[in-house]
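What follows is the residue order along each chain.
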Amino acid sequence: MKLLAYLLTAAALAAPVFSAYAAGDAPKAAKPDLVKGEASYTAVCAACHGADGNSAIAANPKLSQQHPEYLVKQLQEFKSGKRNNTIMKGFATALSDEDMKNISYWVASKAAKPGFAKDKNLVSLGERIYRGGIADRQIAACAGCHSPNGAGIPAQYPRLSGQHADYTVAQLNTFRDGSRANSTQMTQVAAKLNDKEIKAVADYIAGLR
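Read on for an overview of the structure. (Residues numbered from 1 in each chain as written. Predicted model: local features only at pLDDT ≥ 70, side-chain atom pairs only at ≥ 80, totals over all residues. Heavy atoms only, no water.)

Attention shifts here to the overall build of the protein. Assigned secondary structure in the protein consists of 11 helices and zero strands. For the protein, the succession of helices and strands along the chain, N to C, is α-α-α-α-α-α-α-α-α-α-α. Every one of the 209 residues in the protein was classed for burial, and the buried ones make up 37%. Here the analysis covers contacts within the protein between residues at least 6 apart in sequence; of these, 64% occur between residues at least 24 apart. When the accessible surface of the protein is totalled, it reaches about 12,100 Å², and 60% of it is carbon and sulfur. (Helix = DSSP H or I, 4+ residues; strand = E, 2+ residues; numbered from the N terminus. Buried < 20%, exposed > 50% of the residue type's maximum accessible area, 1.4 Å probe, protein only. Contact = heavy atoms within 4.5 Å. Areas by Shrake-Rupley, 256 points an atom, 1.4 Å probe, with all protein chains shown as cover.)

So, in structure tokens, the structure goes:
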């Protein structure tokens, strides 16, 4: 009888919780704190990525207006070692999940400054690859995932528009040689591109807007 009374009491206590979930009132994730995000970004990230995420150093990516979910994923993978980068691992290891979220949403709120294609002899090749791929070698068009104007698809594929060509070249090379292994899709695409094609598509991406 005591056991039955205990079970009935437990069920009565749990009922409001289950009914709340059924009504769609499950606890919501905390919103990012942009004030804390700005403070953390300024302290940890600004020296390499610019005060507002518009990196002036071609080897370091622009982060402004990037999809925050993508940035959080990259920081988590730097921290875990899934994405291999000694410098970024050091910074990411010091950040909590909350820090990552706050930083990512703050820098994503900053407007990206446009970039420019620089190699007029390669830009037409880059455009063809970006927009149409290379059918006879089964290379998919970049635009299929990253959108025609390079805006990407939130939470799935990163924004590329205006990104430094040097950075894009470096990333495509690391996907190609396997030293960046956190995207099977990109590894498969990059494996089929030669140096000239990588340089051409990176230059075209730099001028997208």
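Time to look at the packing of helix H4 (residues 68–80) against helix H6 (residues 97–108). At a minimum axis distance of 8 Å, the contact between H4 and H6 shows a crossing angle of 140°. Comparing the axis directions of H4 and H6 gives the class oblique. The element H4 and its partner H6 pack so that their crossing is right-handed. Contact residues: Pro-68, Glu-69, Leu-71, Val-72, Leu-75, Gln-76 and Lys-79 in H4; Asp-97, Met-100, Lys-101, Ser-104, Tyr-105, Val-107 and Ala-108 in H6. Among the residues forming the contact of H4 with H6, the class breakdown is eight nonpolar, two polar and four charged. (Axes fitted to C-alpha atoms, helices over the stretch in contact; angles between N-to-C directions. Parallel < 35°, antiparallel > 145°, perpendicular 65-115°, else oblique. Left-handed = near helix turned anticlockwise from the far one by under 90°. Nonpolar A, V, L, I, M, F, W, Y, C, P; charged D, E, K, R; others polar.)

Under the definition given, this model contains two aromatic pairs. With a centroid separation of 5.1 Å and an interplanar angle of 45°, the aromatic rings of Tyr-41 and Trp-106 are classed as tilted. On the criterion of sequence distance, the pair formed by Tyr-41 in helix H2 (residues 34–44) and Trp-106 in helix H6 is long-range, its members being 65 residues apart. An identical accessibility class is assigned to Tyr-41 and Trp-106; each is buried. When the centroid spacing of 5.6 Å and the interplanar angle of 55° are considered together, the rings of Tyr-130 and Tyr-204 count as tilted. Pair noted here: Tyr-130 is in helix H7 (residues 123–132) and Tyr-204 is in helix H11 (residues 195–206), with a separation of 74 residues, a long-range link. As far as the burial class goes, Tyr-130 and Tyr-204 line up, both buried. (Phe/Tyr/Trp six-rings, centres within 6.5 Å; stacked < 30°, edge-to-face > 60°.)

Turning our eyes to something else, we now look at the nonpolar core. One finds Ile-129, Tyr-130, Val-201 and Ile-205 to be the most contacted residues of the largest nonpolar core, which totals 19 residues. Those elements that provide at least two residues to this core are H7, helix H9 (165–177) and H11. In terms of residue count, H11 provides more of this core than any other element does, five residues in total. (Core = buried A, V, L, I, M, F, W, Y, C linked by side-chain atoms within 4.5 Å.)

With that settled, the discussion passes to unusual backbone geometry. Located in the positive-phi region is Gln-65, a residue other than glycine, with phi close to 65°. One can find Gln-65 in the loop between helix H3 (46–49) and H4.

So, on to the pattern of salt bridges. Scanning the model with the defined rule gives five salt bridges in all. With a closest N to O distance of 3.8 Å, Lys-82 and Glu-77 form a salt bridge. Taking the relative accessible area as the measure of exposure, Glu-77 reaches 9% and is therefore buried. Between Glu-197 and Arg-137 there is a salt bridge; the shortest N-O distance is 2.7 Å. Of this pair, Glu-197 sits in helix H11 while Arg-137 sits in the loop between H7 and helix H8 (143–146), placing them 60 residues apart in sequence. Residue classification places Glu-197 among the buried residues on the basis of a relative accessible area of 8%. Taken together, the shared-partner salt bridges connect Lys-73, Glu-77 and Lys-82 into one network. (Salt bridge = Lys/Arg side-chain N within 4 Å of Asp/Glu carboxyl O.)

Under the definition given, this model contains zero disulfides. Cys-142 provides the cysteine sulfur closest to Cys-145, a residue in no disulfide bond, and the two sulfurs are 8.9 Å apart. (Disulfide = S-S within 2.5 Å.)

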